[in-house]
Amino acid sequence: MELILVDAGYRVRTAVEGQAALARIVEEMPALILLDMRMPGMNGWDFAREFRARHGRAAPIVVVTAAENARASAAEIEADGWLSKPFDLDDVLALAERHAGPPGSSMAR
């Protein structure tokens, strides 16, 4: 996803787990958070709960998962959307445009 979005002109910042993502968000609030629910360390559920407690709805969260229940996972954390794996490249770009606006916006994953 990072390569797709960077090639399209988006600025992308990544984190391997939730605590690292929260630290990056303090530095710069992203226009969109693409959230893997099964990250090592702090998982997606814990990240979403902590992000919302600290920042409310300052950035939309989109769940990215291979689980069959992507919609349910998104609803569980009050996410703004979901993207089921596998996905088409065009789906990633459309999602970014819908939630973060045109390229040039900052995104966190």
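Residues numbered from 1 in each chain as written. Predicted model: local features only at pLDDT ≥ 70, side-chain atom pairs only at ≥ 80, totals over all residues. Heavy atoms only, no water.

### Description of the side chain of threonine 65
Within the secondary structure, threonine 65 is located in strand E3 (residues 61-65). Not counting residues up to four positions away in its chain, the partners in contact with threonine 65 are Ala70, Leu83, Ser84 and Lys85. (Helix = DSSP H or I, 4+ residues; strand = E, 2+ residues; numbered from the N terminus. Contact = heavy atoms within 4.5 Å.)

### With respect to the pairing of E3
With respect to burial, E3 is a largely interior element, 5 of its 5 residues being buried. Judged by which residues are buried, E3 turns out to be covered on both faces: Ile61, Val63 and Thr65 on one side and Val62 and Val64 on the other are all buried. The sheet contact formed by strand E2 (residues 32-36) and E3 spans 4 bridges and is parallel. Across the sheet, isoleucine 33 pairs through a bridge with isoleucine 61, a residue of E3. For the handedness criterion, the β-α-β arrangement of E2, helix H3 (residues 44-55) and E3 is classed as right-handed. (Buried < 20%, exposed > 50% of the residue type's maximum accessible area, 1.4 Å probe, protein only. Pairing = 2+ DSSP bridges. Right-handed = clockwise from strand over helix to strand, strands pointing away.)

### Digging into the confidence of the model for the protein
In this model, the protein carries a mean pLDDT of 88, and residues with pLDDT of at least 70 account for 94%. Across the protein, element-level confidence peaks in H3 with a mean pLDDT of 94 and bottoms out in strand E5 (residues 106-108) with 54. (pLDDT = per-residue confidence, 0-100.)

### Digging into the side chain of glutamate 17
Assignment of secondary structure puts glutamate 17 in the loop between strand E1 (11-13) and helix H2 (18-27). A distance of 2.9 Å separates a polar atom in the side chain of glutamate 17 from the backbone nitrogen of alanine 20. If sequence neighbours within four positions are ignored, glutamate 17 has contacts with Met39, Pro40, Gly41 and Met42. (Polar contact = N/O pair within 3.5 Å; in protein donor to acceptor, adjacent residues only side chain to side chain.)

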